[in-house]
Amino acid sequence: MEETPKKKECRQCHRFKRYYTKGAYKLSGTEIGQCYLKNEIVGLYDTCEDWRRKETWRNISNKRVCRNLLPDLLLEISTIRVTLEDE
C-alpha cells in the first residue's frame with residue numbers, strides 16, 4: 001500500500017500571510033491571504049510546489065538549545081577521541 005504525501009497547504013507556509021477583518025472585540029481570520037512568493041492572493045487550503053514550513057516558537061527554541069549544547073558535545077567527543085588515540 002502506497003503512502004500518499006501530505007498536502008502542503010498555503011496556511012502552513014512561511015511565505016503566506018493571512019488577511020484579518022476587524023470585529024467588535026477581536027480580529028477574525030479570513031479564508032484568503034497573500035502569497036509573497038507568487039505575489040498574489042491565494043486561499044488557505046491551496047497548495048504550492050515551493051512550500052516552506054513556518055518557523056514556530058518550538059522550532060526556534062530547539063535550534064537555540066542545539067546551538068548552546070553543540071560546543072559542549074564537541075568538546076566531550078574530542079576528549080574521548082584523544083583518550084582512545086592514546087591507548
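Residues numbered from 1 in each chain as written. Predicted model: local features only at pLDDT ≥ 70, side-chain atom pairs only at ≥ 80, totals over all residues. Heavy atoms only, no water.

Caption draft 1: Layout of the overall build of the chain. Counting secondary structure elements, the chain contains 1 helix and 3 strands. Of the regular secondary structure in the chain, the N- to C-terminal order runs β-β-β-α. The 87 residues of the chain split such that 14% are buried. Summarising the internal contacts of the chain: among those between residues at least 6 apart in sequence, 42% fall at separations of at least 24. When the accessible area of the chain is evaluated, it comes to approximately 8100 Å², of which 54% is carbon and sulfur surface. (Helix = DSSP H or I, 4+ residues; strand = E, 2+ residues; numbered from the N terminus. Buried < 20%, exposed > 50% of the residue type's maximum accessible area, 1.4 Å probe, protein only. Contact = heavy atoms within 4.5 Å. Areas by Shrake-Rupley, 256 points an atom, 1.4 Å probe, with all protein chains shown as cover.)

Caption draft 2: Local environment of the pattern of salt bridges. All chains considered together, the criterion is met by 2 salt bridges. Where Arg81 meets Glu85, a salt bridge forms, and the shortest distance between an N and an O atom there is 3.6 Å. With a gap of 4 residues between them, Arg81 and Glu85 both fall in helix 1 (residues 57–86), about one helical turn apart. Judged on exposure class, the residue Arg81 and its partner Glu85 are both exposed. (Salt bridge = Lys/Arg side-chain N within 4 Å of Asp/Glu carboxyl O.)

Caption draft 3: Inspection of the side chain of Gln34 at higher detail. Within the secondary structure, Gln34 sits in strand 2 (residues 27–35). Take Gln34: its relative accessible area is 13%, and that puts it in the buried class. A distance of 3.3 Å separates the side chain of Gln34 from the side chain of Asn39, its partner in a polar contact. (Polar contact = N/O pair within 3.5 Å; in protein donor to acceptor, adjacent residues only side chain to side chain.)

Caption draft 4: Looking closely at the sheet that holds strand 1 (residues 16–22). Across the sheet, 3 strands lie side by side as 1-2-3; this open sheet has antiparallel pairing. Each of the sheet's edge strands pairs with one partner strand only, and the pair in question is strand 1 and strand 3 (40–43). Looking at each pair of strands side by side, their axes are set apart by 45° on average, direction ignored. Judged from the 4 bridges that link them, strand 2 and strand 3 form a sheet pairing that is antiparallel. For Gly33, the partnering residue across the bridge sits in strand 3 and is Val42. (Pairing = 2+ DSSP bridges. Axes fitted to C-alpha atoms, helices over the stretch in contact; angles between N-to-C directions.)

Caption draft 5: Quick peek at the nonpolar core. Formed by Cys10, Cys13, Phe16, Cys35, Val42 and Leu44, the largest nonpolar core amounts to 6 residues. Those residues in contact with Phe16 that sit more than four places away from it in its chain are Cys10, Arg11, Ile32, Gly33, Gln34, Val42, Gly43, Leu44 and Lys54. (Core = buried A, V, L, I, M, F, W, Y, C linked by side-chain atoms within 4.5 Å.)

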